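# Coordinate inspection notes
Each chain, letter by letter, is given below.
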Amino acid sequence: MEEIIEEIKALPLSKNIHPDVNILKSIYRKSLEDSESFWRKIAEDLFWYEKNGPVYEPKETPPYAYWFKQWKTNLSYNALDRHIENWRKNKVAYYWESESGERRTLTYYDLCKEVNRFAYVLKNLGIKKGDRVTIYMPMIPELPIAMLATVRLGAIHSVVFSGFAAHALADRINDCQSKIVITTDGAFRRGRLIDTKGIVDDALNHTKSIEKVLVIKRAGNDVNIMEDRDYWYHELVPSTNPYIEPERVEGIHPSFILYTSGTTGKPKGITHGTGGYMVWAYFTLKTVFGADDKDIFWCTADIGWITGHTYVVYGPLLMGLTSIIYEGAPDYPRPDRWWSIIEDYGVTIFYTSPTAIRMHMKYGEEWIKRHDLSSLRVLGSVGEPINPEVWNWYYKYIGQERTPIVDTWWQTETGGIMISPQPGLALVPLKPGSATLPLPGVDADVFREDGTPAKPGEKGYLVIKKPWPGCLITIWGDNDRFVNSYYRRFPGVYYTGDFAVRDNDGYFWLLGRADEILKVAGHRIGTAELEAAFLSHKAVAEAAVIGKSDPVKMQVPVAFIVLRPGYEPSPQLRMELTKYIKETIGPIATPQTIYFVEKLPKTRSGKIMRRILIAIVENKNIGDITTIEDETSIEEAKRAYEELKTMLS
Ligand code: WTA
């Protein structure tokens, strides 16, 4: 990769543009004009069993490209075996720390042996290429080990965030028809024991596809072991070090499914390929963070979300980096837990979310000042727009006005970072609140409603006009939904679902979602998913959920509920519904407020007027609502607004 970048950097620069902007622009141009040779050079940093045919092959239907279609590789080989053949063999891959302070250190060689032993167990349990493996686990080293063992066999993992409840887990198992669930007996969060295995047992009452459950001992709590279905990992794992030959899979073979919220009640099984995803995870980590062997990299995301998949597991291991996995809560037992981890391990690159930064802002600077954070050299932000105030605080107190902040925009669907400063290539002048420029290969634009490009300064929809290696390959089991969600609105162009504006320097400013998807403390939650959960409760006739702005979490869900005949609003019922949501989706979806109303404001065709509900909870005038749903007149909207206000008062 270095070679091609150096070649491009050596080209003559145009005048009157910042030199680093110039460099980025020429690399960017090259990546779009000559994608075949550009990505071939990047891909050569990684290992392939076969390199037949083109890197990039246009395809008639979405996502309009095959990446590495006939090339063959294996993600686990690239993440592990490749490194143990050289000096990195005994380099630390992960420093792991539990909430209670236990520590484990795993070198690349340790990790490789563990993954082979895990793969041996999975293989003996009958897992083979193409099988789906659901993983429901806390942040312990066995989580990445289980993922890598799965892809080693060419099987497909579906990691379900361990904060999801039984019902949500069951839905995700049923959708991909996985054969096995890997879990732990229990987990710890803020010192509390969580009965992980019990949640799995509940979920399995509502699924048919699971043949086996593999249980890793973590918390030592009593669990129910069902004969011929449940197996303790420690009873199956060999004491020797077997070698499991990695499955040689095609570039477009699915490597994993990760469920995320869409605009209907059913989560989408975002499916990533192998070759394109691998190149993207590797390339984006290198360009955005400029990481190398000296770095101690810490991405604080839970592995149950895409940020954890790409920047705790695959990206860092593909690059042979040393990184940190921390099991617990950011402020446990004290608000400086994170800062002490940075100090103890000498973390150099720190990647987190605006929600976490806002939480630490609330605790105050004193907690930071107790620690030496001088090892840090790059800070990252992901998951939500970071407003200038938070950016400046992050820069001043964590970065100590020395380190650049990379505000990275991307999605579960994009596999890795898409728009961000790229100090690994060249550091453009930063503007607090802007994710700056797209990465090489990312043909980003802002479109108006009618599909024409917006002018600088004009708000529109963020789109990606060309296929890029990290793009999802489909939605598991529902290719029509894949086409409709991403390529229907602007035919042939990837629709992100985000609002954005580009300034006169071509910098992108991300303005939040254009659809009914919420970001609650960085977690992506669909209002439709919450509504469906409410509607499955016997007392609920109608439900509308919207996002209310929140100073720390960015958004919190607020529900408007119409009860069925025979049910009366009461504080007890409100509590019962709140508990019900926690138990069906999970604690992250807990509604902040539930309003009982007699009816919901609707358009003539029966669509809920969400903007009116938003105006009510945000305490705004109806006049502040800029757009009203198409078929509603201002008068109708006003009437509905007043009616609802009276109902609530
Ligand atoms: C939002 C997370 C502004 C955006 C990696 C996107 C951001 C959604 C940023 C995807 C950012 C992510 N600035 N908004 N830097 N990063 N988003 O799938 O709305 O959990 O569409 O992936 O998060 O969320 P997801």
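Numbers given to residues run from 1 along each chain, matching the order in which its sequence is written. Confidence filtering applies because this is a predicted model: local features only for residues at pLDDT of at least 70, side-chain atom pairs given and counted only at 80 or more, and all residues used for totals across whole chains, interfaces and linings. To get the side-chain values, take all heavy atoms of the structure and skip hydrogens and water.

## Observations concerning the overall build of the protein chain
Across its full length, the protein chain carries 20 helices and 31 strands. Between the two quantities, the radius of gyration covers C-alpha atoms and the globule rule is 2.2 Å times the number of residues to the power 0.38. Taking 649 residues into account, the globule formula puts the C-alpha radius of gyration at 26 Å, and the protein chain, at 25 Å, falls close to it. Type-normalised accessible area, obtained with a 1.4 Å probe on protein chains alone, sets the label of each residue: buried when under 20%, exposed when over 50%, and partly exposed for intermediate values. Among the 649 residues that make up the protein chain, the fraction classed as buried is 60%. For the protein chain, the proportion of contacts with a sequence separation of at least 24, taken over those separated by at least 6, is 70%. Exposure was quantified through the Shrake-Rupley algorithm and a 1.4 Å probe, taking into account, for residues, occlusion by the shown protein chains and nothing else. Summing over all exposed atoms, the protein chain offers an accessible surface of approximately 25300 Å²; the carbon and sulfur share of this is 49%. Neither His nor the chain ends is counted toward charge; the positive residues are Lys and Arg and the negative residues Asp and Glu. Lysine's charge is taken at NZ, arginine's at CZ, aspartate's at CG and glutamate's at CD. Each charge class in the protein chain was averaged separately, 79 positive and 83 negative side chains, and the resulting centres sit 1 Å apart. Helix and strand definitions here come from DSSP, where helices need a minimum of 4 consecutive H or I residues and strands a minimum of 2 consecutive E residues; each element is numbered from the N-terminal end. Residue contacts are counted whenever heavy atoms from the two residues lie within 4.5 Å of one another.

## Looking at the packing of aromatic side chains
Stacked, edge-to-face and tilted labels apply to pairs of Phe, Tyr and Trp rings (six-membered ring for Trp) whose centres lie within 6.5 Å, assigned for plane angles under 30 degrees, over 60, and everything in between, in that order. Summed over all chains, the structure comprises 44 aromatic pairs. Here the aromatic cluster, defined as three or more aromatic residues joined through ring pairs, consists of Tyr64, Trp468, Phe482, Tyr486, Tyr487 and Tyr494.

## Quick notes on the layout of surface pockets
In the cavity and pocket records, a cavity denotes points on a 1 Å grid over the protein atoms alone where a 1.4 Å probe fits but cannot get out, a pocket denotes an open set with protein on both sides within 12 Å along at least 5 of 7 lines, and lining residues are residues with an atom within 4 Å of a point. Grid points are joined across faces, edges and corners, and a volume is the space filled by probe spheres set on the points. In this structure, the second largest pocket spans a volume of roughly 310 Å³. Taken together, 22 residues line the second largest pocket, and the ones lying closest to its centre are Glu2, Tyr282, Lys286, Ala291 and Met319. Ranked by residue count, the leading element in the lining of the second largest pocket is helix H1 (residues 2-9), at four residues. For this scheme, ten residues count as nonpolar: Ala, Val, Leu, Ile, Met, Phe, Trp, Tyr, Cys and Pro. Four count as charged, namely Asp, Glu, Lys and Arg, and the remainder, Gly too, count as polar. Among the residues making up the lining of the second largest pocket, the classes are represented as eight nonpolar, five polar and nine charged.

## A few points about the pairing of strand S22 (residues 444-447)
Here S22 shows two buried faces, one formed by Ala444 and Val446 and the other by Asp445 and Phe447. In short, DSSP must find at least two bridges between two strands for them to pair. Of the pairings in the sheet, the one linking S22 to strand S23 (residues 460-464) comprises four bridges and is antiparallel in character. Looking across to S23, one finds that aspartate 445 is bridged to valine 463.

## Focus: the environment of lysine 59
Structurally, lysine 59 is set in the loop between strand S2 (56-58) and strand S3 (65-67). Through-space distance from the C-alpha of lysine 59 to that of proline 467 is 10.0 Å; in sequence the pair is 408 residues apart. Once residues within four sequence positions are removed from consideration, lysine 59 is found in contact with Tyr64, Ala65 and Tyr66. By the criterion applied in these results, polar contacts are pairs of N or O atoms within 3.5 Å in which, for protein atoms, one can donate a hydrogen and the other can accept it, and in which residues neighboring in sequence qualify only through two side-chain atoms. A polar side-chain atom of lysine 59 sits 3.0 Å from a polar atom in the side chain of threonine 61. Only 3.0 Å separates the side chain of lysine 59 from the backbone oxygen of proline 62, close enough to count as a polar contact.

## Topic: helix H5 (residues 108-124)
Taking 1.5 Å per residue as the helical rise, H5 with its 17 residues ought to reach 24 Å, and the 24 Å between its terminal C-alpha atoms agrees with that figure. At the exit of H5 stands glycine 126, carrying a positive phi of roughly 95°. Here the expected length of a helix is defined as 1.5 Å per residue gap, with one fewer gap than residues.

## Thoughts on the sheet that holds S23
Each strand in a sheet pairs with another by means of backbone hydrogen bonds, the pair being arranged parallel or else antiparallel. Pairing is antiparallel across the open sheet formed by four strands, whose spatial order is S22-S23-S25-S26. Strand pairing shows two members of the sheet lacking a second neighbour, S22 and strand S26 (508-513), which therefore form its edges. Averaged over all adjacent pairs, the angle separating strand axes in this sheet is 45°, with direction ignored. Fitted lines through C-alpha atoms give the axes, limited to the stretch in contact for helices. The angle between two N-to-C directions lies from 0 to 180 degrees.

## Some words on the site of the ligand
Contacts to the ligand come from 17 residues, most closely from Asp407, Thr412, Asp498, Arg513 and Arg524. One of the backbone nitrogen or oxygen atoms of threonine 408 is found 2.8 Å away from a nitrogen atom of the ligand. Here the ligand loses 97% of its free accessible area of 530 Å² to cover by the protein chains. Those elements that place two or more of their residues in the shell around the ligand are helix H11 (306-319), strand S21 (405-408) and S26. Looking at side-chain class alone, the shell around the ligand contains six nonpolar, five polar and six charged residues. Nearness is defined per residue: one heavy atom within 4 Å of the molecule or strand is enough.

## A word on the environment of proline 335
Within the element layout of this structure, proline 335 appears in the loop between strand S18 (322-326) and helix H12 (337-345). C-alpha of proline 335 to C-alpha of glutamate 211: the two residues are 124 residues apart in sequence and 43 Å apart in space. Discounting residues that sit within four places of it in the chain, proline 335 has contacts with Pro330, His360, Tyr363 and Trp367.

## Regarding empty space enclosed by the protein
Throughout the structure, instances matching the rule amount to four cavities of 30 Å³ or more. The space that makes up the largest cavity amounts to roughly 110 Å³. Residue lining of the largest cavity: 15 residues in total, with Ala65, Trp67, Pro469, Cys471 and Ile473 positioned closest to the centre. Breaking the lining of the largest cavity down by element, the ones donating at least two residues are S3 and helix H10 (275-289). Broken down by class, the residue content of the lining of the largest cavity amounts to eleven nonpolar, four polar and no charged. Here the second largest cavity is characterised by a volume of approximately 60 Å³.

## Here's the deal with the pairing of strand S19 (residues 349-352)
Along S19, one buried face is formed by Ile349 and Tyr351 and the opposite face, lined by Phe350 and Thr352, is buried too. Sheet topology places strand S17 (residues 296-299) next to S19; three bridges connect them, and they run parallel. Bridging from a neighbouring strand, tryptophan 298 pairs with phenylalanine 350 of S19. Sheet analysis places S19 next to strand S20 (residues 378-382), joined by four bridges and oriented parallel. Note on S20: the bridge partner recorded for phenylalanine 350 is leucine 379.

## Describing the domain arrangement of the protein chain
Often, the extent of an interface is quoted as the loss of accessible area upon association of its parts. Each domain's extent is set by a domain assignment, obtained either automatically or from a database. What the domain assignment reports for the protein chain is domain 1 (78-88 + 107-257) and domain 2 (516-648). One C-alpha centre belongs to domain 1, the other to domain 2; they are set 37 Å apart. At the junction of the two partners, domain 1 supplies eight residues and domain 2 supplies eight residues. Accessible area, probed at 1.4 Å, shrinks when two parts are joined; the buried area is that loss added up over both. When the two sides are added together, the surface that domain 1 and domain 2 hide from each other amounts to roughly 510 Å², 62% of it contributed by carbon and sulfur. Every case where a carboxyl oxygen of Asp or Glu lies within 4 Å of a side-chain nitrogen of Lys or Arg is listed as a salt bridge. Applying the counting criterion to the domain 1 and domain 2 interface returns one salt bridge. With a closest N to O distance of 3.4 Å, glutamate 529 and arginine 172 form a salt bridge. Here domain 1 is connected to domain 2 by three residue pairs in polar contact (both at pLDDT 80 or more). Split by residue class, the side of domain 1 that touches domain 2 holds five nonpolar, two polar and one charged.

## A word on the packing of H1 against helix H3 (residues 35-43)
Relative orientation of the contacting elements H1 and H3 amounts to 135°, with a least axis distance of 8 Å. With respect to H3, the axis of H1 lies oblique. Of the residues in H3, those in contact with Glu3, Ile4, Glu7 and Ile8 of H1 are Ser37, Phe38, Lys41 and Ile42. The class makeup of the residues in the contact of H1 with H3 is four nonpolar, one polar and three charged. Angles below 35 degrees are treated as roughly parallel, those above 145 as roughly antiparallel, those between 65 and 115 as roughly perpendicular, and all remaining angles as oblique.

## Topic: helix H17 (residues 527-535)
With respect to burial, H17 is a largely interior element, seven of its nine residues being buried. When H17 is considered as a whole, its buried residues turn out to be Thr527, Ala528, Glu529, Leu530, Glu531, Ala533 and Phe534.

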